[in-house]
2 protein chains.
Amino acid sequence: MMTPGETWIALVHHPVYDKNRKIVATALTNLDLHDIARSSRTYGLAGFLIVHPVAAQRELAQRIAGHWLTEGAEMNDFRRMAIERISVVATLEEGRALITERAGKPPLLVSTSAQRDPQTVGYRALVREHTGPTLIVLGTGWGLTEEALALCQRRLAPIQGASDYNHLSVRSACAIILDRLYGDRED
Amino acid sequence: MMTPGETWIALVHHPVYDKNRKIVATALTNLDLHDIARSSRTYGLAGFLIVHPVAAQRELAQRIAGHWLTEGAEMNDFRRMAIERISVVATLEEGRALITERAGKPPLLVSTSAQRDPQTVGYRALVREHTGPTLIVLGTGWGLTEEALALCQRRLAPIQGASDYNHLSVRSACAIILDRLYGDRED
């Protein structure tokens, strides 16, 4: 059985597709950092990894997080509590190594995608079937590349609403995924 | 049975509390508009009402929406599809009147709050029990005031994660609420 305390989330800025299916590195978005940190903290996750190959962007992420851990902390303690579980890494492989070190064994990498695929696993099914550290991998831009997907051993079913339109923001998709995995659902 | 096609969502900027429980009007946030429009469209809602008492802020909301309906539309058709269901109103009462006119009868107003309350209703229970137009009311800032809550006939159960920390952004909370009401849950 998966537990929130052994679950990490990674927000990947490279390798992802742009809208023309070109492989790019996307820019860090301040609000992604805050919203996903707050969602991760709400669902009790072990940590939130920001994955960016560009050193200046990693420094920016550290600086934003640092602000809320120091001068911003007095004003807004709930932001500090969310931000303190952020780690910034250059690659998904580096993120996996960091979790392996902290958890004592390598995490299962689980990808997420808006695309349908016959090989996907359901949310509650994944929680039931897997035990041990887990890294949920989210892509920015137009989604994780085939190369990034190939690093992951499992793939979550896409979120379907009541329509064929599935252009949730990565912030919204992350919130829904965590709620489907670990929320106090009535059903 | 509630249906997405008869459901609206309102993002209320006044009356809401600030962190000192003072009643304020919050500033329009560009990303709230986009994220909630995209979530509303994904779950097939009838519309998304932006509620702001300040005329200049309502004009700004119209201008942001207008951009994506005209020059931005070619670049990004999925944004246009989300944005076109936005309406901008001054008060929650005005929003209710607008829905009454469009739906032919007044909507049930359903509030949302991070606070626990014995009078709340579950998500699937609400969908089962109510038939007809519905307006889900979200507060910005530190949440809807007592006065705003009193306008609503029902109140959804707060979202609980795996911890006592419940500081989701309004964008994330909205996504989770719509998924709990109308998502294709496996359970």
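Here's what I pulled together on the structure shown here. Numbering of residues starts from 1 in each chain and follows the order in which that chain's sequence is written. Going through the entries in the order they are written, you letter the chains from A and number the ligands from 1. Confidence filtering applies because this is a predicted model: local features only for residues at pLDDT of at least 70, side-chain atom pairs given and counted only at 80 or more, and all residues used for totals across whole chains, interfaces and linings. Side-chain metrics rest on all non-hydrogen atoms present in the structure, leaving aside hydrogens and water.

## A closer look at the overall build of chain A
A run of DSSP states H or I qualifies as a helix once it reaches four residues; a run of E qualifies as a strand once it reaches two. Both are numbered from the N-terminal end. Per the secondary structure count, chain A includes eight helices and eight strands. This radius of gyration counts C-alpha atoms alone. The globule rule is 2.2 Å times how many residues there are, raised to the power 0.38. Scaling as 2.2 N^0.38, a compact globule of 187 residues should have a C-alpha radius of gyration of about 16 Å, and chain A matches this with 16 Å. The principal-axis extents of the C-alpha atoms in chain A amount to approximately 50 × 40 × 35 Å. When a residue's accessible area, from a 1.4 Å probe over protein chains only, is under 20% of the maximum for its type it is buried; when over 50% it is exposed; and in between it is partly exposed. Burial status across chain A gives 58% buried among its 187 residues. Contacts spanning at least 24 positions in sequence make up 79% of the contacts within chain A whose residues lie at least 6 apart. Carbon and sulfur atoms form 50% of the exposed surface of chain A, whose accessible area is close to 7,900 Å². A contact between two residues is defined here by any heavy atoms of the two lying within 4.5 Å. Every accessible area reported is derived by Shrake-Rupley at a probe size of 1.4 Å, with residue values counting cover from the shown protein chains alone.

## As for the pattern of salt bridges
Whenever a carboxyl oxygen of Asp or Glu lies within 4 Å of a side-chain nitrogen of Lys or Arg, that contact is scored as a salt bridge. Applying the stated criterion across every chain, the model contains twelve salt bridges over all chains. A salt bridge links Arg-180 of chain A to Asp-179 of chain B, with the shortest nitrogen-to-oxygen separation between them at 2.7 Å. Of this pair, Arg-180 of chain A sits in helix α8 (residues 170-182) while Asp-179 of chain B is found in helix α7 (residues 170-182), placing the two residues in two different chains. Each member of the pair, Arg-180 of chain A together with Asp-179 of chain B, is buried. The salt bridge involving Arg-180 of chain B is made with Asp-184 of chain A; its shortest N-O contact spans 2.9 Å. Of this pair, Arg-180 of chain B sits in helix α7 while Asp-184 of chain A is found in the segment after α8, placing the two residues in two different chains. According to the relative accessible area criterion, Arg-180 of chain B is buried, its value standing at 4%. One continuous salt-bridge network, built from bridges that share partners, spans Asp-32 and Arg-171 of chain A together with Asp-35 of chain B.

## Digging into the sheet that holds strand β6 (residues 108-111) of chain A
All names here are of chain A. In this analysis, strands are considered paired if DSSP registers two or more bridges between them. Here six strands make up an open sheet; going across it, the order is β5-β4-β1-β7-β6-β8 and the pairing parallel. The outermost strands of the open sheet, each flanked by one partner alone, are β5 (86-89) and β8 (154-155). Two strands pair when backbone bridges link them, and β6 and strand β7 (residues 134-139) are joined in this way by four bridges, in the parallel orientation. What sits directly across from Leu-109, in β7, is Leu-135. Its contacts with the sheet put helix α1 (residues 30-42) on β1 (7-12), β4 (47-51), β5 and β7, and the angle it makes with β4 is roughly 155°. Only the contacting stretch of a helix is used when fitting its axis, a line to C-alpha atoms as for every element, and angles between N-to-C directions run 0 to 180 degrees.

## Here we look at the packing of aromatic side chains
Two rings from Phe, Tyr or Trp (for Trp, the six-membered ring) form a pair when their centres are within 6.5 Å of each other. A pair whose planes differ by under 30 degrees is stacked, one over 60 is edge-to-face, and the rest are tilted. In the structure shown here, the tally under the stated rule is zero aromatic pairs over all chains. Sitting over a ring, as applied to charges here, requires NZ of Lys or CZ of Arg to be within 6 Å of the ring centre and within 35 degrees of the ring normal. For the cation-ring pair, Arg-180 of chain A lies above Tyr-123 of chain A, with the distance from its terminal atom to the ring centre recorded as 5.1 Å.

## Regarding the relation of the copies chain B and chain A
Placing chain B over chain A gives an RMSD of 0.0 Å and needs a rotation angle of 180°, together with 0.0 Å of translation along the axis. Viewed as a symmetry operation, the transformation between the two copies matches a two-fold axis. Most of the interface of chain B is mirrored in chain A, where 98% of its interface residues again form contacts. Here the copies are matched by least squares. The fit uses the C-alpha atoms of residues with pLDDT of at least 70 in both.

## Remarks on the environment of Gln-57 of chain A
Residue and element names in this part refer to chain A. With respect to the helices and strands, Gln-57 occurs in helix α2 (residues 55-69). Taking the C-alpha atoms as reference, Gln-57 lies 9.6 Å from Val-88; in sequence the two are 31 residues apart. When residues no more than four places from it in sequence are discounted, the contact partners of Gln-57 are Thr-26, Ala-27, Leu-28 and His-52. A 3.5 Å cut-off defines polar contacts: any pair of N or O atoms within that distance qualifies, except that in protein one atom must be a possible hydrogen donor and the other a possible acceptor, and neighbouring residues in sequence count only when both atoms are side-chain atoms. At 3.5 Å, the side chain of Gln-57 and the side chain of His-52 are in polar contact.

## A look at unusual backbone geometry
Residue and element names in this part refer to chain A. That bond from His-14 to Pro-15 is cis: its omega, 0°, falls within 30 degrees of zero. By the secondary structure assignment, Pro-15 is in the loop between β1 and β2 (16-17). Look at Arg-21: it is not a glycine, yet its phi comes out positive at around 60°. Of the residues examined, Arg-21 reaches a relative accessible area of 53% and is grouped as exposed.

## Description of the interface of chain B and chain A
Listed by partner, the interface residues are 44 residues for chain B and 43 residues for chain A. Put simply, buried area is the surface a 1.4 Å probe can reach on two separate parts but cannot reach once they are joined, added for both. In total, about 3,600 Å² of surface goes out of reach between chain B and chain A, with carbon and sulfur atoms giving 51% of it. On the surface where chain B and chain A come into contact, there are six salt bridges. A salt bridge links Arg-171 of chain A to Asp-35 of chain B; the nearest nitrogen and oxygen atoms lie 2.6 Å apart. Of all the elements in the fold, those that place two or more residues in the side of chain B that touches chain A are α1 (30-42), α3 (77-83), α5 (123-129) and α7 of chain B. When residues of the side of chain B that touches chain A are assigned to their parent elements, the largest contribution, seven residues, is made by α7 of chain B. Classification used: nonpolar for Ala, Val, Leu, Ile, Met, Phe, Trp, Tyr, Cys and Pro, charged for Asp, Glu, Lys and Arg, polar for all others including Gly. Grouping the constituent residues of the side of chain B that touches chain A by class yields 18 nonpolar, 13 polar and 13 charged.

## Looking at the sheet that holds strand β8 (residues 154-155) of chain B
All names here are of chain B. Strand order across the open sheet formed by six strands is β5-β4-β1-β7-β6-β8, with parallel pairing between neighbours. With one partner strand each, in any of the chains shown, β5 (86-89) and β8 form the two edges of the open sheet. Most of the contacts of α1 go to strand β4 (residues 47-51), to which it runs at about 155°, and overall it touches β1 (7-12), β4, β5 and β7 (134-139).

## Some remarks on the packing of α1 of chain A against α2 of chain A
All names here are of chain A. Taken N-terminus to C-terminus, the directions of α1 and α2 make an angle of 55°; their axes are 10 Å apart at the nearest point. As far as their axial angle goes, α2 and α1 are oblique. The element α1 and its partner α2 pack so that their crossing is right-handed. Only Ala-61, Ile-64 and Trp-68 of α2 make contact with α1, whose side of the interface consists of Asn-30, Leu-33 and His-34. Of the residues that constitute the contact of α1 with α2, the class distribution is four nonpolar, two polar and no charged. Angle categories: roughly parallel below 35 degrees, roughly antiparallel above 145, roughly perpendicular from 65 to 115, and oblique for all the rest. Take the far helix as the reference: if the near one is turned anticlockwise from it by less than a right angle, the crossing is left-handed, and if turned clockwise, right-handed.

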